[in-house]
Every structure is written in C-alpha cells, then in structure tokens.
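Structural overview
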Amino acid sequence: PAEDCFHVASDLDSYRQWCSQGGMKKVVVLERNEDGLASKVDMTAGKLGVDMLNTMAYSYQYPNQVMFNSISGDVMKKLNGRYVFKESESGTETEVAYELDVEFGFPLPAMVRTTICRAIMRTALNAFKAHTETLSREGSVFHCTQTLKR
C-alpha cells in the first residue's frame, strides 16, 4: 500500500541501509517536524570519485508524497525532487514515481554527470522497490516511473 511506500521513503534514519550501493555514504538528520519526520538532513553521497554533500529540506503529504529540496550543496547547485505514491483501485499495489531536478554547481564531463544522475535514479527506484518489497509480504510495489530534469 501507499502507506508502506511512504514510510520507507520518509524513514531517513534508515535510508543509508537500502541505498548505500547507490553511493550513499552518510545521512544525518539535523531537524524533525512535529510528526517526528526528518525535515532537515545532511547527506553525503559519492560516485566515480566525486563526493557530494547536500543539506536537504524534506516535506510530506501523507501518504502520497515525500518531497525534498536542496538548501545547500558543494557539487549540486540544485537537487530537488519527490516520490509520489498512487495506490491501485484494489489497494494491493502502489505505483511509485520519482521526479528529480538536478543542476551541477560546476562543469562536469557529460559521462560523469550522466553516471551520477543514473545512479541517483536507479537507487531512488530500484533499491527503493527492492527494500519496500522485502518489508511487504505481497510485494506491493508494481510499477516505478522516473522523470529527470537536467
């Protein structure tokens, strides 16, 4: 169900456990909202010898969206996006869409830029889906889509 997906995406304390293979090295929750969910987070990720530190602001629309926006970053000038969860009519499957808007703070070779963006998207969807399905006996995530703006 959408609630399961929402809980995985909003549990930033556990985020590194399921996305470390995508390059996530460190996640530190700096602030929480009144519901106890992370609202400000430092994240360190790395791919191809490029480590990136971003301070992110998170907001939520339970149970359908987890949104994030970069407050500051050393490599990414802009790193904004969201997970959107849409439950099927039967309530047994959930479509997960991941949207990402990225702008790098300095020129990078196209191959490096593309590799980093693909790693972010792959982790955001494939690792998310696999982790969510391990938590759900029925494998409730049935379809993932992605949107990348560069």
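In case you missed it, the structure is sitting above this.
Our subject in this report is the structure included herewith. (Residues numbered from 1 in each chain as written. Predicted model: local features only at pLDDT ≥ 70, side-chain atom pairs only at ≥ 80, totals over all residues. Heavy atoms only, no water.)

Focus on the nonpolar core
Rules: Nine residue types can take part in a nonpolar core, namely buried Ala, Val, Leu, Ile, Met, Phe, Trp, Tyr and Cys, and a core is a set of them joined through side-chain atoms within 4.5 Å. Partly exposed residues are those whose accessible area sits between 20% and 50% of the maximum for their type, while under 20% is buried and over 50% is exposed, using a 1.4 Å probe and protein chains only. What counts as a helix is a DSSP run of H or I of at least four residues, what counts as a strand is a run of E of at least two, and both are numbered from the N terminus. Two residues qualify as a contact provided that any one of their heavy atoms is within 4.5 Å of a heavy atom in the partner residue.
Counting 41 residues, the largest nonpolar core has Tyr 58, Tyr 83, Phe 85, Tyr 98 and Phe 128 as its most contacted members. Among the secondary structure elements, those contributing two or more residues to this core are helix 1 (2-10), helix 2 (15-19), strand 2 (38-47), strand 3 (50-61), strand 4 (65-73), strand 5 (76-87), strand 6 (94-104) and helix 3 (110-135). The biggest single contributor to this core is helix 3, with nine residues. Beyond its immediate stretch of four places on either side in the chain, Tyr 58 contacts Leu 12, Ala 38, Ser 39, Val 41, Met 43, Val 66, Met 67 and Phe 68.

Side note on the environment of Ala 57
Tracing the chain through its elements places Ala 57 in strand 3. Ala 57 gets classed as partly exposed once you look at its relative accessible area, which sits at 25%. With residues near it in sequence (within four places) discarded, Ala 57 still touches Ser 39, Met 67, Phe 68, Asn 69 and Ile 71.

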